[in-house]
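Structural overview
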Amino acid sequence: TQTLHIVGGGMAGSEAAWQAANMGVQVVIHEMRPKVKTFAHQTGNLGEMVCSNSFRSDDDEQNAVGLLHWEMRAANGLIMATADKHRLPAGGALAVDREPFAQTVTENLQRHPNISVSYEEVTTLPDDGHWIFATGPLTSSALGQAIQAETGAEALAFFDAIAPILYADSIDMSQAWMQSRYDKGETEEEQTAYLNCPMTKDQYEAFIDALLAAEKTEFHEGETAGYFDGCLPIEVMAERGRETLRFGPMKPVGLTNAHKPDEKAYAVVQLRRDNKLATLFNIVGFQTKMKYGAQTQVLRMIPGLRDAQFARLGGIHRNTFLNSPTLLDAQMRLKTKPNIRFAGQITGVEGYVESSAMGLLAGRMAAAEILGQDLPEVPQDSAMGALIHHITGGAEAKTFQPMNVNFGLFRPVDGLKGGRRGRKDRYKAYTDRAKTVWSEWIRSFT
Ligand code: FAD
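Since the structure is predicted, the reported quantities are computational estimates derived from the model, not experimental observations. (Residues numbered from 1 in each chain as written. Predicted model: local features only at pLDDT ≥ 70, side-chain atom pairs only at ≥ 80, totals over all residues. Heavy atoms only, no water.)

**Re the packing of aromatic side chains**
- Across all of its chains, the model carries 13 aromatic pairs by this definition.
- One aromatic cluster in this structure is built from F407, F410, Y427 and Y430.
- Its end group placed over the ring of Y266, R246 keeps NZ or CZ at 3.9 Å from the ring centre.
- Positioned above the aromatic ring of F445, the side-chain terminus of R364 is 4.5 Å from the ring centre. (Phe/Tyr/Trp six-rings, centres within 6.5 Å; stacked < 30°, edge-to-face > 60°. Lys NZ or Arg CZ within 6 Å of the ring centre and 35° of its normal.)

**Description of the environment of R246**
- Examined against the element boundaries, R246 turns out to sit in the loop between α8 (234–240) and β12 (267–273).
- Since its relative accessible area comes to 15%, R246 is described here as buried.
- Separated by 196 residues in sequence, R246 and I442 have C-alpha atoms that sit 44 Å apart.
- Not counting chain neighbours up to four residues away, the residues in contact with R246 comprise Y204, K251, P252, Y266 and A267.
- Only 2.9 Å separates the side chain of R246 from the backbone oxygen of Y266, close enough to count as a polar contact. (Helix = DSSP H or I, 4+ residues; strand = E, 2+ residues; numbered from the N terminus. Buried < 20%, exposed > 50% of the residue type's maximum accessible area, 1.4 Å probe, protein only. Contact = heavy atoms within 4.5 Å. Polar contact = N/O pair within 3.5 Å; in protein donor to acceptor, adjacent residues only side chain to side chain.)

**Section: unusual backbone geometry**
- With an omega of 0°, the peptide bond running from R33 to P34 counts as cis.
- Backbone geometry places R56, a non-glycine residue, at a positive phi of 65°.
- You can call R56 partly exposed: its relative accessible area is 28%.
- Here the phi dihedral of Y182 falls at roughly 60°; this positive angle occurs in a residue that is not glycine.
- Inspection of the secondary structure assignment puts Y182 in the loop between β10 (177–178) and α6 (188–191).
- The exposure class assigned to Y182 is exposed, which follows from its relative accessible area of 56%.

**Comments concerning empty space enclosed by the protein**
- Taken as a whole and judged by the stated rule, the model has one cavity of 30 Å³ or more.
- Within this model, the largest cavity holds a volume of roughly 30 Å³.
- Looking at which element gives the most residues to the lining of the largest cavity, the answer is strand β7 (residues 130–133), with three residues. (1 Å grid on protein atoms, 1.4 Å probe; cavity = no way out; pocket = protein on both sides within 12 Å on 5 of 7 lines; lining within 4 Å. Points joined across faces, edges and corners; volume = space filled by probe spheres on them.)

**Thoughts on the sheet that holds strand β5 (residues 93–96)**
- The antiparallel open sheet is built from three strands, whose spatial order is β3-β5-β4. The strands lining the two open edges of the sheet, one partner per strand, are β3 (54–57) and β4 (87–88).
- Pairing between β4 and β5: two bridges, direction antiparallel. Paired with R87 across the two strands is V96, which belongs to β5.
- Against the sheet, helix α2 (residues 64–74) touches β3, β4 and β5, its axis set at about 115° to β3. (Pairing = 2+ DSSP bridges. Axes fitted to C-alpha atoms, helices over the stretch in contact; angles between N-to-C directions.)

**So, the environment of S118**
- Here S118 lies in strand β6 (residues 115–119).
- Setting aside its immediate chain neighbours within four residues, S118 contacts V28, I29, H30 and E31.

This is the structure:
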């Protein structure tokens, strides 16, 4: 049969379905929610964002994630188009209103004449038919076992952490003030996307003490305690050194206390608007595995948050991913069972944007295969190409860990200056080159 089956309707599965269906292929999405839940997803929507509401930087000239946005837009990506539609002001970042975002993704897929959605858990890797598995970091355990049985490799599990979300009206605005770092953002709305809570040296030291002493959730036996590096829990950062937070998410730079313009804060906690109504704010970079009781106590020590009411506390979670460099071919097919592709976070990329990107590629590749079209190799000098090349071969298999897109994955451009001074030119050269080769690749489909 020529139907494409996609297991998992998250970031990657939704994008894969959209791309394949638009190429004229019949698609069935198999999604286990809402029948079978995960601890992080809260709805039965396709394309649900489980944690932060940000797709990160939208700068497509100086930032590799922004470049990935550009490439997905150029490929008529559903996730990007929907993100643009439900965009919230957040300076240079692409933040979205998560509920309407996921609702729109769901409606677009359900309405598509070539797509049907089957709400069920898939627990085996079928021997025939065309399949994409995009079951994400919280792949159901039955399916996880089936994958392990097939690959023989360890499906690694490790933890990352959710940042707490609180109600705006519980923030004390006589202490906090509104300002985006370095006043980034054009409109007033953008400049008011962030709230800041200042700390004196004494307050900071007391906060670090409390953080270190707080009760944390323990890891389950046999599970490794690796974190994804952009998402380290604050208590782990504090354990690495008392100053680490002050140079990380709590850095006091680019901000002036509106209440006390002459006083330089020793550290600043930033809150970012989490919905369009501006009723919810998340604490930027404050992923944590502190136990709930301890968490509220410690977070309420932050000036301005003494009476904070939390809409959602931080938590810990599992992340399932394959050793892709050994298991997958250049088209993300399982080498031992090429009728099966993987896509999204389970392939060892990290983040909404990267996961959607790998869904986009998998969807197009699977559709081309079904339609008997020859597909030129994804250009390695595009952000898409740099990423897929990394996970399916560029990365060291032995030490393989999930990867964010970054310019470190790109092949150098000749004749450019190195070092700090040359960096802007270099990034611009990478992004110019990527846009050219990616546009050519997209044109090869029509
Ligand atoms: P998902 O979006 O999770 O989609 C997978 C889908 O497969 C789900 O809908 C699931 O219900 C379904 N599924 C699973 N097993 C089966 C089965 N057997 N049968 C049928 N359906 C199945 N990334 C960020 O960029 N920013 C963040 O802040 C962030 N925070 C995170 C917080 C948590 C708690 C977790 C777990 C992950 C976080 N991530 C974050 C990673 C984020 O989940 C991924 O980047 C992104 O959602 C991955 O997309 P995906 O499509 O691969 O997986």
